[in-house]
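# Fold and geometry: a report
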Amino acid sequence: MSVCKERAWKTLEELSFIRVAGTQEELKAAQYLKNECEKAGINAEIEEFEIDMPVISKATFEVLEPYKKEYHVIGIGKSGTTDENGIETELVYIENAVDVHLNHVKGKICLLHGRLNPELSEKLIKAGAVGTISIAGSFYDEKSIADELRPRNTFGKGGQLPGLVMHISDAEELVRSHPAKVRMVLLQDAEKKGISHNVVATIEGSDLKDEILTLSAHYDSVPYSKGAWDNATGSITVLEMMHYFAKHQPRRTVKAVWCGSEEIGLVGSRKYCETHKDEMDKTIFNINFDMTGVTLGHEICCVSASNDVMHAIEYLAKLENNALECKLDTYSSDSTSFAGAGVPACTFARLAPMGGAQIHNHYDTMEHLDPDSFMITLNFALHFAKQLVNTTTNLIPRKFDEVITKKLEERKKWFSEEKDEKKKESEENKDEKTKEEEKK
Ligand SMILES: [Zn+2]
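Residues numbered from 1 in each chain as written. Predicted model: local features only at pLDDT ≥ 70, side-chain atom pairs only at ≥ 80, totals over all residues. Heavy atoms only, no water.

## Brief notes about the sheet that holds strand β3 (residues 69-71)
Pairing in this open sheet of 4 strands is antiparallel, and the strands run β3-β2-β10-β5 from one edge to the other. Each having just a single partner strand, β3 and β5 (87-89) make up the two edges of the open sheet. Sheet twist, expressed as the mean angle between neighbouring strand axes with direction ignored, is 20°. The pairing of strand β2 (residues 55-65) with β3 spans 3 bridges and is classified as antiparallel. Within β3, the residue paired with Phe 61 across the bridge is Tyr 71. Across the sheet, helix α6 (residues 168-177) touches β2 and β3, and the angle it forms with β3 is around 145°. (Pairing = 2+ DSSP bridges. Helix = DSSP H or I, 4+ residues; strand = E, 2+ residues; numbered from the N terminus. Axes fitted to C-alpha atoms, helices over the stretch in contact; angles between N-to-C directions. Contact = heavy atoms within 4.5 Å.)

Quick look at the structure:
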């Protein structure tokens, strides 16, 4: 027996605890996965890497006039800081960051329609805004869920525009009540770092071992969430596939990568692709899993490669009587990091209908998962993976259609800003050092 529904269910339960990037619990989950591999005779390593772990010491927002009320908010990591007294000013609601709106933001705090992204941040800074509030959640959240605002950090350029996150119901109240004066405070140590981990397991191929198939899944969760669906399910799917390949040696090498810190910006998978740069050319494909096993759900496969590969997967699914919906796109999961490193990739997921199971809050437990639904994704992905690793010729063209290339370029811009900043900083430090030396 190489794939086992009962074992999968047991390990899924054992892995369903809160495991936030950079915490002891995340490390405990990494050790658990490594241990499960070793029990099955599979060689596994834990690879550590540094992450941003900004510490927010104070984040408050209150209306001062014409009424007094404090609202529940959290601060956006690396977004910026105010002083102890905060910023006292007017609030303006930005439906859309078009110029007519931006004419009115100077010196004000902007309540945003959506999320703060690097482009919007740049526009607002140029227009003279002094702070932002982003909206999260749904009107229909009960109180206990509404309070679980999900922490986030800014990508790329940060440190200029202090940002808060507020629940959408509070935002609605603010827009209706036209406050004349508000105050926001955000104090944080944006430079704090933490340690996160990837778990990497390898099963060497027999005769084509220089070619690699990677199976990946993130094993971290967000705060408040046990992350049973997102993404203990994907992690255990990979583990079960490794059990299979441990018993049936593949012709090509199979690597499992359980990624840490996905929830804070695909950090683990990006680090993996950097650290294993030399292997990227040899990696023929990446199969990623992010959220499977939900009882009421439908199977999707998001392919970041070419139409040819997308259609091949679709066809294979039809042959297996699987109602898999395939699309060509990038996905907000670790497959995007592999695609960004030049490796054709896909993510399998089983998504819930509207009103169905939820993630990123304390509802993400085993409650709406079921073993038979879990096996649908696992069985098909294993069937596909077996073909990839055992065919004489690699069937995946190393090619990305234009729609994918464009999206990957767009993403790279965000992260390269991050890198440019670091480069600039170290150069500035160098400059200061030489100046100091000159003084001497
Ligand atoms: Zn996820």
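## Side note on the environment of His 360
Locating His 360 in the fold gives a position in the loop between β17 (345-351) and α12 (371-390). A relative accessible area of 22% places His 360 in the partly exposed class. Reaching out from His 360, the side chain makes a polar contact with the side chain of Arg 150 at a distance of 3.3 Å. Polar contacts involving the side chain of His 360 include one to the side chain of Asp 230, which spans 2.9 Å. (Buried < 20%, exposed > 50% of the residue type's maximum accessible area, 1.4 Å probe, protein only. Polar contact = N/O pair within 3.5 Å; in protein donor to acceptor, adjacent residues only side chain to side chain.)

## Digging into helix α4 (residues 118-126)
For α4, every residue scored as buried is listed here: Pro 118, Leu 120, Ser 121 and Leu 124. In a view along the axis of α4, the buried residues occupy a sector of 160°, so they form one face of it. Where α4 terminates, the next one or two residues include Gly 128, which has phi positive at roughly 90°. (Arc of directions from axis to C-beta.)

## Observations regarding the coordination of the zinc ion
Ideal coordination angles are 109.5 degrees for a metal with four donors arranged tetrahedrally and 90 or 180 degrees for a metal with six donors arranged octahedrally. Within the protein, the atoms that donate to the zinc ion are His 218 (NE2), Asp 230 (OD), Asp 290 (OD) and Asp 290 (OD), at distances of 1.9 to 2.7 Å. Metal-centred angles of 51 to 146° between the 4 donor atoms at the zinc ion mark the site as irregular. Mapping the donors of the zinc ion onto the primary sequence gives the spacing H-x11-D-x59-D. On the criterion of sequence distance, the pair formed by His 218 in strand β12 (residues 208-218) and Asp 230 in helix α7 (residues 228-247) is long-range, its members being 12 residues apart. Across the pair, Asp 230 and His 218 agree in class, each one buried. (Donors = N, O, S within 2.8 Å, 3.2 Å for Na, K, Ca; no water. Tetrahedral: all angles 85-135°; square planar, octahedral: opposite > 155°, others 65-115°.)

## A closer look at the nonpolar core
If you look at the biggest cluster of nonpolar residues, it comprises 68 residues, and the most contacted ones within it are Met 242, Trp 258, Phe 285, Ile 287, Val 303, Ile 313 and Phe 348. Within the second largest apolar cluster, 17 residues are counted, among which are Ile 87, Ile 135, Leu 164 and Val 182. (Core = buried A, V, L, I, M, F, W, Y, C linked by side-chain atoms within 4.5 Å.)

## Examining the state of the cysteines
As enumerated under the stated definition, the model contains 0 disulfides in all. Summary of cysteine pairing: Cys 273 is not part of a disulfide, and the nearest cysteine sulfur, belonging to Cys 259, is at 8.0 Å. In this structure Cys 273 comes out as buried when scored by relative accessible area, which is 7%. (Disulfide = S-S within 2.5 Å.)

## Some thoughts on the packing of helix α1 (residues 5-15) against helix α2 (residues 24-39)
For the pair α1 and α2, the least separation of the axes is 11 Å and the interaxial angle reads 160°. By the angle class used here, α1 and α2 are roughly antiparallel. Of the two possible hands of crossing, α1 and α2 adopt the one that is right-handed. Of α2, the residues touching α1 (which contributes Thr 11, Glu 14 and Leu 15) are Ala 29, Tyr 32, Leu 33 and Glu 36. (Parallel < 35°, antiparallel > 145°, perpendicular 65-115°, else oblique. Left-handed = near helix turned anticlockwise from the far one by under 90°.)

## Concerning unusual backbone geometry
Residue Pro 66 is reached from Glu 65 by a cis peptide bond, and omega for that bond is 0°. Here Pro 66 is to be found in the loop between β2 and β3. Omega for the bond connecting Asp 230 with Asn 231 falls within 30 degrees of zero, at 10°, which places this linkage in the cis form. One can find Asn 231 in helix α7. Positive phi, normally seen in glycine, also occurs at His 178, with a value near 40°. The exposure class assigned to His 178 is exposed, which follows from its relative accessible area of 62%. Residues other than glycine seldom take positive phi values, yet His 360 does so here, at roughly 65°.

## Some details on the environment of Lys 399
Structurally, Lys 399 can be placed in the loop between α12 and α13 (402-439). Ignoring anything within four residues of it in the chain, the contact list for Lys 399 reads Ala 305, Ser 306 and Asp 308. In terms of polar contacts, Lys 399 uses its side chain to reach the side chain of Asp 308, at 3.4 Å.

## Here's the deal with the sheet that holds strand β1 (residues 43-52)
If you walk across this open sheet you meet the 8 strands as β1-β11-β13-β12-β14-β17-β15-β16, and the pairing is mixed. One side of each edge strand has no neighbouring strand; the edge strands of this open sheet are β1 and β16 (325-328). Strand-to-strand twist of the sheet, defined as the mean angle between neighbouring strand axes without regard to direction, takes the value 20°. Bridge count between strand β15 (residues 298-304) and β16: 4 bridges; the pairing is parallel. Along β16, the bridge assignment pairs Ile 300 with Glu 325. Together, β1, β11 (193-203) and β13 (252-259) form the strand contacts of α2, whose direction differs from that of β11 by roughly 10°.

## Description of the side chain of Gln 188
Looking at the element boundaries, Gln 188 is found in strand β10 (residues 181-189). Within the structure, the side chain of Gln 188 is placed 3.3 Å from the backbone oxygen of Ile 76, a separation counted as a polar contact. At a separation of 2.9 Å, a polar atom in the side chain of Gln 188 contacts the main-chain amide nitrogen of Lys 78.

## As for the packing of aromatic side chains
All told, the structure shown has 8 aromatic pairs when counted by the stated rule. An angle of 20° between the planes, with centres 5.9 Å apart, marks the rings of Phe 289 and Phe 348 as stacked. Note that Phe 289 is positioned in strand β14 (residues 283-289) and Phe 348 in strand β17, a separation of 59 residues in sequence. Just as Phe 289 is buried, Phe 348 falls in that class too. Both rings, one in Phe 348 and one in Phe 380, keep their centres 6.0 Å apart while their planes meet at 70°; by these two values the pair is edge-to-face. One end of the pair, Phe 348, is in strand β17; the other, Phe 380, is in helix α12, with 32 residues separating them in the sequence. Each member of the pair, Phe 348 as well as Phe 380, carries the same accessibility label: buried. Linked through ring pairs, Phe 289, Phe 348 and Phe 380 together constitute an aromatic cluster. The aromatic ring of Phe 17 is capped on one face by Lys 28, whose charged end is 4.5 Å from the ring centroid. (Phe/Tyr/Trp six-rings, centres within 6.5 Å; stacked < 30°, edge-to-face > 60°. Lys NZ or Arg CZ within 6 Å of the ring centre and 35° of its normal.)

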